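Residue-level structural notes
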Amino acid sequence: MNLLVTGGAGYIGSHTAIELIMAGHDVVVVDNLSNSTRAAVSAIETVTGRDVTFFEYDIRNDSRLDEVLACRAFDAVLHFAALKAVGESAAQPLRYYANNVAGTATLLDGMNDYGIKTLVFSSSASVYGDPDTMPIGEDSPPDPKSPYARTKLITENLLHDLHDADPDWRISILRYFNAVGAHPSGRIGEDPSGVPNNLLPFVAQVAVGRRNCLNVFGDDYPTPDGTGIRDYLHVVDLARGHVKALDYLAGAGGVSVHNLGTGRGYSVFEVVHAFEAASGRKVPHRVAARRPGDVAVSWADPSKARDELGWTAEYDLERACEDLWRWQLTHPRGFSTRKA
Ligand code: NAD
Ligand code: WQD
C-alpha cells in the first residue's frame, strides 16, 4: 500500500515506518521537525535499505499538505503528528488544541479532498484518566485529566462524527500505553529534546552519565513498593500493532478502538532494576515528591487487540531496556552524536 505517515520523524512514527516498509508498504513521511530531526528519516532509510520521501511541512498548512497528498495515490494515512508533553499542555493549552485537534481536522479535510478515507490514529491511554479497576479495557469510561489527554479524546470524538457523516471512512483508533525501548539495530531510538519527561529516557541518561540522579516521583502510592506502576510497551511491538491495524481495516469498516499494551505493570523501582541489569550500570536515584497529575497504577487489558487485530506484545521490559541501552550507548546525545 501507499502510506502517508504524519509525524514519521518522531519516536513512534519512525519505528512504525520501519515496520511498514519491512511489511512491503511504500512510505512517505511528513513532519515539521518540531520534536524530531531529519536524521531519524535517514535512519529509517539505513535500517530498511529503502529511500523514504520526506516533506518537512506542518500538517496545519493546507497548501503544503495538498502537495503531500498529491504526491502518491495514498491508500491510508497513519497519523502520529502531535504535541505530547502533558505538563506543557497545561501551560499552553491553545498550542495543544491548535496542533493536535485543528491539525487533525486540516489533515482529515485534505484526505477527504483526495478520497483517502482510511486512517490509523495515535490515541493515548491517558484518555482513561484514573480508573478504579485494572486492567483497563476499552470500555473503561474516558476521563482525561490534562489538556493533552483531552485533545486525544476530542479527536477520537471527531473521528466518530466523521464516520457517522460518511460511512466510507475506515478508522482505527489505537490507545497506546507507555512506549519504551529502541530499534534492535541500535540505529534509531527516542531522542527527547531537553530534560526527558518520561521515565525510561531519563533512566538511560543517568546510566550513561549525562544526568546525575533520577528523581522517583513518590514512594507512597498504594502499590507494593510505593512507586507508580505502568504498562511499558516496546516501541517495535507498538509499531507492529499499526501494521496489524492496517490489515484489520482492509477487512473492516467503521471506527475501531484498541488498547495497545502488554497487560503487565511494572513499578518505577522495578524499571530501575531492570535497566541496571540490562546496562550493567548503577542508576543513582532518590525519592522526590509526587508529580502532580500522576496516577498510581495503569495497565492495559490488551485482549481486544489480540482477538481482533491478532496482535500481542512479544518483547518484555528486559528486552526494551537492552535495546534502549544499545541506542543510548551509541548515541549518548541522540542523533547528533553517533559514536562508532
Ligand atoms: P514524537 O514527538 O516523537 O513524534 C511526534 C512527531 O510529530 C514529531 O516528530 C513532531 O515533530 C511531529 N509533529 C508535531 N506536530 C506536527 C505538525 N503540526 N505537523 C507536522 N509534524 C508535526 O512523539 P511520539 O512519542 O512518537 O508520539 C507519536 C504519537 O503517539 C503522538 O500523537 C502522541 O500523542 C502519541 N502517543 C505517544 C505515547 C508515548 O508513550 N510516546 C503514548 C500515547 C500516545
Ligand atoms: C512513568 C512513571 C512517574 C519520570 C506519559 C503520558 C502519557 C503517555 C506516556 C502520551 C510514573 C515515574 C517518571 C521521572 C519518575 N504519553 N517517573 N521519575 O506519566 O505514565 O505517561 O507518557 O500519550 O500520556 O502521561 O509516563 O514515563 O512520564 O512516568 O519517577 O523522572 O515513572 O511518576 O509513575 P506516564 P512517564
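See above for the structure.
Right, let's walk through the structure included here. This one's a predicted model, so the numbers in the text were calculated from it and none came from an experiment.

A few points about the overall build of the protein chain
Across its full length, the protein chain carries 11 helices and 13 strands. Computed over its C-alpha atoms, the radius of gyration of the protein chain comes to 19 Å, within 12% of the 20 Å expected for a compact globule of 340 residues. Structurally, the protein chain occupies a C-alpha span of about 55 × 50 × 40 Å along its principal axes. Per-residue burial over the protein chain gives 54% buried out of 340 residues. For the protein chain, long-range pairs separated by at least 24 residues make up 79% of all intrachain contacts whose partners lie at least 6 apart in sequence. In the structure as shown, the protein chain presents an accessible area of about 14100 Å², 47% of it carried by carbon and sulfur atoms. Both charge centroids of the protein chain, one from 32 positive and one from 43 negative side chains, sit 8 Å from each other.

Topic: the site of ligand 2
Among the 18 residues in the neighbourhood of ligand 2, the closest are listed as Tyr148, Leu199, Asn215, Arg230 and Asp294. One of the backbone N or O atoms of leucine 199 is found 2.8 Å from an oxygen atom in ligand 2. Here a nitrogen atom of ligand 2 and a backbone polar atom of asparagine 215 are 2.7 Å apart. With the chains in place, 86% of the 690 Å² that ligand 2 exposes on its own is no longer accessible. The element best represented in the shell around ligand 2 is strand β8 (residues 214-217), accounting for 4 residues.

Considering the site of ligand 1
Not every one of the 28 residues close to ligand 1 is listed here, only the nearest: Ile12, Asp31, Asn35, Ser36 and Tyr148. Serine 34 has a polar backbone atom sitting 3.0 Å from an oxygen atom of ligand 1. Measuring from a nitrogen atom of ligand 1, one finds a side-chain N or O atom of asparagine 99 at 3.0 Å. Protein burial of ligand 1: of its 820 Å² of free accessible surface, 95% is covered by the chains. Every element with two or more residues in the shell around ligand 1 is listed here: α1 (11-22), β5 (118-124) and α6 (147-165). Top contributing element to the shell around ligand 1 by residue count: β5, with 3 residues. Grouping the amino acids of the shell around ligand 1 by side-chain chemistry returns 13 nonpolar, 10 polar and 5 charged.

So, the pairing of strand β6 (residues 170-176)
The element β6 is extensively covered by neighbouring structure, given that 6 of its 7 residues are classed as buried. Both β5 and β6 contribute to a ladder of 7 bridges, which runs parallel. In the strand pairing of β6, valine 120 is matched with serine 172. In terms of handedness, the path from β5 via α6 over to β6 forms a crossover that is right-handed.

Considering unusual backbone geometry
In this chain, methionine 134 is followed by proline 135 through a cis amide linkage whose omega measures -5 degrees. Mapped onto the elements of the fold, proline 135 is located in the loop between β5 and α6. Even without a glycine there, the phi angle at leucine 33 is positive, about 60 degrees. Assignment of secondary structure puts leucine 33 in the loop between β2 (26-30) and α2 (38-48). Assessed through its relative accessible area of 18%, leucine 33 is described here as buried.

Some remarks on the packing of aromatic side chains
What the rule picks out here adds up to 4 aromatic pairs. Here phenylalanine 55 and tyrosine 57 contribute two aromatic rings whose centre-to-centre distance is 5.7 Å and whose plane-to-plane angle is 40 degrees, an arrangement assigned as tilted. Comparing phenylalanine 55 with tyrosine 57 shows no difference in burial state: the two are buried. Cation over ring: arginine 211 sits above phenylalanine 202, and NZ or CZ is 5.9 Å from the ring centre.

Digging into the pattern of salt bridges
In this structure the tally under the stated criterion is 18 salt bridges. Between arginine 38 and glutamate 56 there is a salt bridge whose closest N-O contact spans 3.0 Å. Note that arginine 38 is positioned in helix α2 and glutamate 56 in the loop between β3 (53-55) and α3 (62-70), a separation of 18 residues in sequence. Overall, arginine 38 belongs to the partly exposed group, its relative accessible area being 48%. A salt bridge links glutamate 276 to lysine 282, with the nearest nitrogen and oxygen atoms 3.7 Å apart. On the basis of relative accessible area, glutamate 276 is assigned to the buried category, the value being 13%. Classification of lysine 282 by relative accessible area gives exposed; the value is 64%.

Regarding the nonpolar core
Counting residues in hydrophobic clusters, the biggest one holds 66 residues, and the most contacted among them are Leu20, Leu78, Leu200, Leu214, Tyr232, Leu260 and Phe275. Dropping the residues within four chain positions of it, leucine 200 is found in contact with Val180, Tyr232, Val271, Phe275, Cys321 and Leu324. Counting 24 residues, the second largest nonpolar core, distinct from the first, contains Ile59, Ala81, Leu108 and Ile116.

Conventions we followed
- Residues numbered from 1 in each chain as written.
- Chains lettered and ligands numbered in written order.
- Predicted model: local features only at pLDDT ≥ 70, side-chain atom pairs only at ≥ 80, totals over all residues.
- Heavy atoms only, no water.
- Helix = DSSP H or I, 4+ residues; strand = E, 2+ residues; numbered from the N terminus.
- Rg over C-alpha atoms; globule rule 2.2 N^0.38 Å.
- Buried < 20%, exposed > 50% of the residue type's maximum accessible area, 1.4 Å probe, protein only.
- Contact = heavy atoms within 4.5 Å.
- Areas by Shrake-Rupley, 256 points an atom, 1.4 Å probe, with all protein chains shown as cover.
- Lys, Arg positive; Asp, Glu negative; His and termini not counted.
- Charge placed at Lys NZ, Arg CZ, Asp CG, Glu CD.
- Near = heavy atom within 4 Å.
- Polar contact = N/O pair within 3.5 Å; in protein donor to acceptor, adjacent residues only side chain to side chain.
- Nonpolar A, V, L, I, M, F, W, Y, C, P; charged D, E, K, R; others polar.
- Pairing = 2+ DSSP bridges.
- Right-handed = clockwise from strand over helix to strand, strands pointing away.
- Phe/Tyr/Trp six-rings, centres within 6.5 Å; stacked < 30°, edge-to-face > 60°.
- Lys NZ or Arg CZ within 6 Å of the ring centre and 35° of its normal.
- Salt bridge = Lys/Arg side-chain N within 4 Å of Asp/Glu carboxyl O.
- Core = buried A, V, L, I, M, F, W, Y, C linked by side-chain atoms within 4.5 Å.

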